[in-house]
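Survey of secondary and tertiary structure
So the chains spell out like this:
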Protein chains: 2
Amino acid sequence: MQKVKMTIAYDGTDFAGYQRQPGRRTVQSTLEEALGRITASPVSVTGAGRTDAGVHARGQVVHFETEAGVPLERWTRVLNHVLPQDLAVLSVEAVPKTFHARYDACWKRYRYTLDTRPVPDVFTRRYRTHLTLGLDVERMRQAAGYLVGTHDFSAFSSARTTVKDKVRTLYQCEVEVLADGVIAIVTAGNGFLYHMVRIISGTLVEAGMGKLDPAAVSDILQGRDRSRAGKTLPAQGLTMVEVHYEPWPE
Amino acid sequence: MQKVKMTIAYDGTDFAGYQRQPGRRTVQSTLEEALGRITASPVSVTGAGRTDAGVHARGQVVHFETEAGVPLERWTRVLNHVLPQDLAVLSVEAVPKTFHARYDACWKRYRYTLDTRPVPDVFTRRYRTHLTLGLDVERMRQAAGYLVGTHDFSAFSSARTTVKDKVRTLYQCEVEVLADGVIAIVTAGNGFLYHMVRIISGTLVEAGMGKLDPAAVSDILQGRDRSRAGKTLPAQGLTMVEVHYEPWPE
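Since the structure is predicted, the reported quantities are computational estimates derived from the model, not experimental observations. Sequence order as written defines residue numbering, which begins from 1 separately in each chain. Note on labels: chains are lettered from A, ligands numbered from 1, in written order. Owing to the predicted nature of the model, reporting of local features is limited to residues with pLDDT of at least 70; listing and counting of side-chain atom pairs is limited to 80 or more, with chain, interface and lining totals taken over all residues. To get the side-chain values, take all heavy atoms of the structure and skip hydrogens and water.

All names here are of chain A. Per the UniProt annotation, the sites labelled "domain: Pseudouridine synthase I TruA alpha/beta" (unreviewed entry) are residues 8-104 and 143-246. Helical segments are the DSSP runs of H or I of at least four residues, strand segments are the runs of E of at least two, and each set is numbered from the N terminus. Its end C-alpha atoms 17 Å apart, residues 8-104 is made of 22% helix and 26% strand. For residues 143-246, the end-to-end C-alpha separation is 28 Å, with 24% helix and 31% strand making up the annotated structure. UniProt positions are given in the numbering used here, feature names are shortened, and annotations may be inferred rather than shown by experiment.

Right, let's talk about the pairing of strand S5 (residues 107-115) of chain A for a bit. All names here are of chain A. Among the nine residues in S5, eight count as buried, and that is most of the element. Whether two strands pair depends on DSSP finding at least two bridges between them. Where S5 meets strand S9 (residues 182-189), eight bridges bridge the pair, whose relative direction is antiparallel. Bridging across to S9, Tyr110 finds its partner in Thr187. When S5 meets strand S6 (residues 129-130), the two strands line up parallel, connected through two bridges. Residue pairing across strands places Asp115 opposite His130, the latter belonging to S6. Only protein chains enter the accessibility calculation, which uses a 1.4 Å probe; a residue is then buried when its area is under 20% of its type maximum, exposed when over 50%, and partly exposed in between.

Once that is clear, we can look at the interface of chain A and chain B. Many descriptions give the size of an interface as the accessible area lost when the pieces come together. At the interface, 21 residues of chain A touch 21 residues of chain B. The term buried area means the drop in 1.4 Å probe accessible area that two parts suffer when joined, counted for both and summed. Between chain A and chain B, the buried area comes to about 1700 Å², and carbon and sulfur atoms account for 61% of it. We define a salt bridge as a contact between a side-chain nitrogen of Lys or Arg and a carboxyl oxygen of Asp or Glu at a distance within 4 Å. Taken together, the links from chain A to chain B amount to four salt bridges. Among the elements of the structure, strand S1 (2-10), strand S3 (56-66), helix H2 (75-82) and strand S4 (87-94) of chain A are those that each provide at least two residues to the side of chain A that touches chain B. Should any heavy atoms of two residues lie within 4.5 Å, those residues are counted as being in contact.

Residue and element names in this part refer to chain B. Residue placement: Gln236 occurs in the loop between helix H5 (216-223) and strand S10 (238-244). The exposure class of Gln236 is partly exposed, given its relative accessible area of 28%. Sequence separation of Gln236 and Ala179 is 57 residues, and the distance between their C-alpha atoms is 19 Å. Dropping the residues within four chain positions of it, Gln236 is found in contact with Gly54, His56, Arg125, Arg126, Tyr127, Arg128 and Thr129. Distance and chemistry together define a polar contact, namely a pair of N or O atoms within 3.5 Å, with one atom able to donate a hydrogen and the other to accept it when in protein, and with adjacent residues in sequence counting only for side-chain atoms on both sides. Within the structure, Gln236 has its side chain in polar contact with the backbone oxygen of Arg125 (distance 2.8 Å).

Here it is in structure tokens:
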């Protein structure tokens, strides 16, 4: 029995999300089918995070177990040969039997990208959310500052969340200007609630529009009321950037 | 009557090329349908170049005439509202009645992009050709040097070309390294024969692989024999970058 940790990238546009669903093209089922073809036996894959339909990944991590005698250094090539063009294996490593892609993750980083120009770039449109708005980046940064730290993020999670404990730690919440009118919101944390990055991004956009006082973010956190935070922005602007299995470096 | 020059960008992946064809989704027909909806009358669009199926554009130029009283500054917004996400109008200007997007073009620039890494980037895969090859960029640059200037490019055009005069001037033929393993071949010239950029790129790749002596490019030009040049590389790596209506600056 070989336990394998694999880092993958995908263009989420044409996937109905990470998680297997009957009759839908998902990342998990596409990986499991490819592994099934290669190993000629059913393989179950577990991801570090279940990204929603339309969400992308540059460094999602998954694990699986197999009896197949494929040498470790061949997995990447063999899998990429079978996988569709919008899903790629970046690297593979052997891990101990106890490793778990989701439970062992210490922190993850996400990036939410906005194209606010009148005519969004045709070549990156699948990976950015288009909002024709003037955004004050300094106000967005002020608002972001209130989110860093350990908080109850109830106000920043979908009402559909089933988890009880909504306390999470954000290590980073930064607003980067990638080009004139192209803005990325980068968040890193020890865990993320359902829709949390998309609601944080929607709230920072409201601060940037002048609709929300940046300092109000502190009150919104304390109020734990979803309706006071910003809108959930669309999935297409969101990318899971990386997953780490060592504690946050500071 | 208003004559309009329009600069457009498109992701060529899902278009059957620029030119109108019955029952196919093409750039020309998509533009003409959009203009027809806006002006409520048939509009014919002429492009500077007829890009093939799968070829992209960052700065294709087209012209059309209309009786519609749409103010010039509104065309961009009105059209982008109607056009699909993979086709965008970048700018619009009024031109004299005599202007012709194809006949008046002085020079065009194309970019052919290769991703030679073992695992190509998932997010740019639609715009690059994936070749898992070690390429010697210096050899490619030497080969490119022989192509600059005024030559009969018969050896670098598809056998399907119908034009008689195959003499063209290349002002630029450069090989850029965009990132480790990502190579762009940039060509500018006063005119391009059918498949010319893709055959030039295929020939430079053979020079980079060591399969072709860079100096042989000079003989290939003189021989005017298509079979001696390199393969026609796939359309997906090719982008029409810009079209100019003023002479090349030097």
